[in-house]
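A closer look at the structure
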Amino acid sequence: MPNIILGNLENNDSLFEAFLRQAVIINHQNEMAAIPPRKELEKMYAFSNEHNLRMKKLFAADKRQETFAVVIKCIKVAVIAACVSATMLFFTLLTSADFRKAVGDVIVTWFDKFTEFRSSQGSEDFTERDWSPKYLPEGFTLVDTIGTTGFMFTNTEEVRIIFNYKEIDSSTSVDNEDMKYSVIVEDEIIYHLFETIIKDDKYEDNVIVWDMDGYRFTVMGNYNIDELVKIALSVN
Amino acid sequence: MFFIMLSTIEDEQERLRIADIYEEYRYMCLHRALTITKDQQMAEDAVGDAFVEVIKHKEKIFSLDCNQLPSYIVTITKNKARDLLRKNKRKSDLDDDWENSLESDEIPIDEQVISKMGFERLLNLMASLDEKYKIVLEMKYVLDLSTNEISQMLNISNDNVKTRLFRARTQLRKLLGSEVTANA
């Protein structure tokens, strides 16, 4: 029988590949066909007790793993649902102009050692005004002014409190190293509190920052944070 | 709570399906494994290992039709049987034969000669091909698995799969060529 010589290697590859595929399939089919039917196999062979026990444990372990996987899946679904609900609530609240005003006007950016406050929009309702705190802790008096918008108060122990304000367009940075951060909301105004965690250090100031009516205010001093909050709340 | 119940029912159904598949094909797998291992205990271990793989890839298993399913399970069993045999043997004679005969990975000749009876010769050569290469060829051509899927099933790298396929083809072509030359 003559041989067929195929001079083109690419054609050879395709033909060989086709032959190989068929040969593999047919060889496999022949192998499978050579296996006796199940009833006959059951007469020929018997599984050992060890094997049966192993398979029983395998299916039991699979069931436990499946149950665990189901529990994990449900927890994930619950967490996702909670996050979605919180997000939806947040965006629902954003429909409120007051909430938007409280949350959306200030962009607070946290860096490694300081926090920056910037406004997301210009001060639409801005009217030039003079501001001053109505409350001062006992023993404090005005001792100096800082430019036209800053005041320094001290007491007999030379503890210093500074009150300062400026237009909202500029940014303000606060040192946040070793500081505990918290927030107070009063009359729809958010007061950002930075309280030093290093006690008895007369060089560390507590700081309060807030925005109101187109201005950004700062109260800072090495003094009790609650008293500084009273000062801040008294500014109008 | 309903979601948990539904998931549990679905997983319980899957578990029962796997158990049914095991009952249906375990003797077939044992028979095939015995042809490789020649040892009852090793063959049983191969069957057990094969069904561990079946459970791992149950989504794939459930997607197969009734013709593909036995082929799939038997091929996995053969692979596990071969792995166990290799672990128990110090040196595989079969491996030596094939590895040593691979002188070069290049396609060696300028023109390929395929006889009119070449297909039958190829088929005969397939029967004597090393299981290592036969398994990857079966996974590729019979089960239509991708290189990725084959590598996951066999726990080898993609490159290893490609190498085995390439060497299987090269060796068969060389043997086919040398058979024809010898008969000429």
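Residues numbered from 1 in each chain as written. Chains lettered and ligands numbered in written order. Predicted model: local features only at pLDDT ≥ 70, side-chain atom pairs only at ≥ 80, totals over all residues. Heavy atoms only, no water.

Each helix and strand in chain A was counted, giving five helices and eleven strands. Split into buried and exposed, the 236 residues of chain A put 33% on the buried side. Taking the contacts inside chain A whose residues are at least 6 apart along the sequence as the reference set, 48% of them involve residues at least 24 apart. When the accessible area of chain A is evaluated, it comes to approximately 14,800 Å², of which 56% is carbon and sulfur surface. (Helix = DSSP H or I, 4+ residues; strand = E, 2+ residues; numbered from the N terminus. Buried < 20%, exposed > 50% of the residue type's maximum accessible area, 1.4 Å probe, protein only. Contact = heavy atoms within 4.5 Å. Areas by Shrake-Rupley, 256 points an atom, 1.4 Å probe, with all protein chains shown as cover.)

To continue, consider the overall build of chain B. When you go through chain B residue by residue, the secondary structure sums to nine helices and one strand. The linear arrangement of helices and strands in chain B, starting from the amino end, is α-α-α-α-α-β-α-α-α-α. Split into buried and exposed, the 184 residues of chain B put 51% on the buried side. Restricting the contact set of chain B to residue pairs at least 6 apart, pairs at least 24 apart contribute 73%.

This part takes up the pattern of salt bridges. Where charged atoms from two side chains of opposite charge approach closely, those side chains can pair. Summed over the entire model, instances satisfying the criterion amount to 22 salt bridges over all chains. Arg38 of chain A is the salt-bridge partner of Glu24 of chain B, the closest N and O atoms lying 3.2 Å from each other. Note that Glu24 of chain B is positioned in helix α1 (residues 2-37) and Arg38 of chain A in helix α2 (residues 38-44), a pairing that runs across two chains. According to the relative accessible area criterion, Glu24 of chain B is partly exposed, its value standing at 39%. Where Asp211 of chain A meets Arg216 of chain A, a salt bridge forms, and the shortest distance between an N and an O atom there is 2.8 Å. According to the relative accessible area criterion, Arg216 of chain A is buried, its value standing at 1%. (Salt bridge = Lys/Arg side-chain N within 4 Å of Asp/Glu carboxyl O.)

The next subject is the packing of helix α4 (residues 68-88) of chain B against helix α7 (residues 131-141) of chain B. All names here are of chain B. With their axes 10 Å apart at the nearest point, α4 and α7 run at an angle of 155 degrees to one another. On the basis of their axis angle, the class for α4 and α7 is roughly antiparallel. Here α4 runs over α7; the crossing is left-handed. Of the residues in α7, those in contact with Thr75, Lys78, Asn79 and Arg82 of α4 are Glu131, Lys132, Ile135, Glu138 and Met139. Considering only residue class, the contact of α4 with α7 consists of two nonpolar, two polar and five charged. (Axes fitted to C-alpha atoms, helices over the stretch in contact; angles between N-to-C directions. Parallel < 35°, antiparallel > 145°, perpendicular 65-115°, else oblique. Left-handed = near helix turned anticlockwise from the far one by under 90°. Nonpolar A, V, L, I, M, F, W, Y, C, P; charged D, E, K, R; others polar.)

All right, on to the packing of aromatic side chains then. Counted according to the given criterion, the structure contains 16 aromatic pairs over all chains. Ring centres 5.1 Å apart and planes at 15 degrees place the aromatic pair Trp210 of chain A and Phe217 of chain A in the stacked group. Look at Trp210 of chain A and you get buried, because its relative accessible area is 0%. Residue Phe217 of chain A is classed as buried on the basis of its relative accessible area of 0%. Between the aromatic rings of Tyr22 of chain B and Phe51 of chain B, the centroid separation amounts to 5.0 Å while the plane-to-plane angle is 90 degrees, which identifies the pairing as edge-to-face. With Tyr22 of chain B in helix α1 and Phe51 of chain B in helix α2 (residues 40-56), this pair connects stretches of sequence that are 29 residues apart. (Phe/Tyr/Trp six-rings, centres within 6.5 Å; stacked < 30°, edge-to-face > 60°.)

All names here are of chain A. Counting buried positions along strand β5 (residues 150-154) gives four out of five residues, so the element sits mostly inside the fold. Bridge count between strand β4 (residues 141-146) and β5: five bridges; the pairing is antiparallel. By the bridge assignment for β5, Asp144 is matched with Met152. What sits between the antiparallel neighbours β4 and β5 is a turn of three residues, in which Gly147 has the positive phi angle 65 degrees. In this sheet, strand β6 (residues 160-167) lies alongside β5 in antiparallel orientation, the contact comprising five bridges. (Pairing = 2+ DSSP bridges.)

All names here are of chain A. Averaged over every residue, the pLDDT of chain A is 79; the share at 70 or more is 78%. At the level of individual helices and strands, chain A shows its lowest average pLDDT in strand β1 (residues 3-6), which scores 40, and its highest in helix α5 (residues 225-233), which scores 94. Under a pLDDT of 50 for its full length, residues 1-11 has, in the predicted model, 17 contacts with residues more than four places off or in other chains. (pLDDT = per-residue confidence, 0-100.)

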